[in-house]
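Examination of the molecular architecture
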Amino acid sequence: MADTKDKPKPKLKAQPAEALPAACNVVDCSSGRQQFWRFTDSKNQMKLVDVRETEPGEKIPDKHLDRDASQMWRPHCQNDAWIPAQKVYFRVLHLPCSEKELPGMVELQLDKISPLPLSQAVWTFEVVPVYRPDREQKTVVVMIAERSVVEQYIGELEKIGYRPDRLEPAVLHQLMATPEGGDRPDGAWIYPSFGEEQIVCTVAWWDEGVLHNITQIAISSREHLNELTGHLTATTWAGEMEGWLTGDTDWHLVVGNQLGEEWLNVLNDWAGKGVQVEEPPEANAMAAVAAGRAARPLEQGNLLPPDRKDKYHRDDVDRVWGNILTWSVMFYVVLISVYFVVKSQVTSREEEAFQANKKALGMQKELKELGVKRRLLEDQLE
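What comes next concerns the included structure.

**Looking at the overall build of the protein chain**
Check the secondary structure of the protein chain and you find seven helices and 13 strands. Here the C-alpha atoms of the protein chain give a radius of gyration of 35 Å, more than 25% beyond the 21 Å that 2.2 N^0.38 yields for 382 residues. Here the C-alpha coordinates of the protein chain stretch approximately 150 × 45 × 40 Å along the principal axes. The burial tally for the protein chain puts 41% of its 382 residues in the buried class. The long-range fraction of contacts in the protein chain, counting pairs at least 24 apart against all pairs at least 6 apart in sequence, stands at 66%. Summing over all exposed atoms, the protein chain offers an accessible surface of approximately 21,800 Å²; the carbon and sulfur share of this is 53%. Seen as two clouds, the 44 positive and the 59 negative side-chain charges of the protein chain have centres 10 Å apart.

Here it is as structure tokens:
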């Protein structure tokens, strides 16, 4: 077994964000269980404040799903959700263009790279960090998923009261963090995902600091590693023929120690040299990375269909205007109530003043009459 104690392990790190949201939720329903994390912004870092694991389909408390009013004028990722990686097709493109031209250039390439008709697919892309200053081309990871599968998954999320702002595979964050520990990553990183029916291995191929290919290999069980090694051999030959894979390939298996012990003998015999085993990040760490990258534009790395995104935005706008209207009506009602209360008090005081004035006039009249009688009595006395 390869000694990994003295070798640096790739660590997931949240990219620095310019404007993190005040709070971000992350939900994972892609692994047969439902996990929920809630993070809040603390000194420009996302702090974990709540985590829970429940049965699939259990509703999330409404107090955690209150939408920010700023969603009306600045849509941002407040609710993140993970889709199974095996439901997503990954493609890597190298494009000679600027950041602003990337969406148009990627869309022009979709007909060539998409395994699905574009009318039945949802697509997005993520810009890969640059580790070659001398390289002018932009590297992007294009993600394509079947629209019906995405809509079904969104429907399941809505049943638990969750409206995602971003829909992405969790392995994307591992792919973006692959080069940690070296200036120019070189080799292949294998990320197994264990489902109920099969195991899906996502393999990221790097050469001299550039990501060239992402393949997904499905094997029927842990014992059928020949299926994995066969696909890896075929991809290696294809990379060498196409010219993007040069020299020997360093193999990295990102998996727990127990499974690493089971797989290493077979993989080492096949590779002809030691395969490095690296511990995968914990689920909490993955969720923290997803929340830390919430400041990305919603157009990047987001498989949420545009029509569903527009619908959620309209709902946010309607909700804000509805709240404004509700508070305005309540304020108006309060003003009317205050007006009538003050009016009744003023009317009561006016009535009291009128009665007091009437009494004073009566007393003044009696005083005059008494004055007249006094003068008469004085005259009679004289």
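Here the narrative resumes, following the displayed structure.
**Let's talk about the environment of K343**
Tracing the backbone shows K343 in helix α7 (residues 306-381). When the C-alpha positions of K343 and F90 are compared, they lie 71 Å apart, and in sequence the two are 253 residues distant.

**Considering helix α6 (residues 283-292)**
Restricting attention to buried positions, one finds in α6 the residues M286, A287, V289, A290, A291 and G292. Residues of α6 that are buried in the fold lie against β1 (23-28), β2 (34-41), β3 (46-54), β4 (79-83), β8 (166-169) and α3 (171-176).

**A look at the pattern of salt bridges**
A pair can form between side chains of opposite charge whenever their charged atoms are brought close. A full pass over the atoms with the stated rule returns 14 salt bridges. The partner of K138 in a salt bridge is E99, and the shortest N-O contact between them spans 3.7 Å. With a gap of 39 residues between them, K138 in strand β7 (residues 138-146) and E99 in the loop between β5 (88-95) and α1 (102-113) connect regions that are remote in the sequence. A relative accessible area of 21% means that K138 is categorised as partly exposed. Classification of E99 as partly exposed rests on a relative accessible area of 43%. The closest approach of N and O atoms between K311 and D315, which form a salt bridge, is 3.3 Å. Here K311 and its partner D315 are both found in helix α7, four residues apart, which amounts to about one turn of the helix.

Cut-off values and rules
- Residues numbered from 1 in each chain as written.
- Predicted model: local features only at pLDDT ≥ 70, side-chain atom pairs only at ≥ 80, totals over all residues.
- Heavy atoms only, no water.
- Helix = DSSP H or I, 4+ residues; strand = E, 2+ residues; numbered from the N terminus.
- Rg over C-alpha atoms; globule rule 2.2 N^0.38 Å.
- Buried < 20%, exposed > 50% of the residue type's maximum accessible area, 1.4 Å probe, protein only.
- Contact = heavy atoms within 4.5 Å.
- Areas by Shrake-Rupley, 256 points an atom, 1.4 Å probe, with all protein chains shown as cover.
- Lys, Arg positive; Asp, Glu negative; His and termini not counted.
- Charge placed at Lys NZ, Arg CZ, Asp CG, Glu CD.
- Salt bridge = Lys/Arg side-chain N within 4 Å of Asp/Glu carboxyl O.

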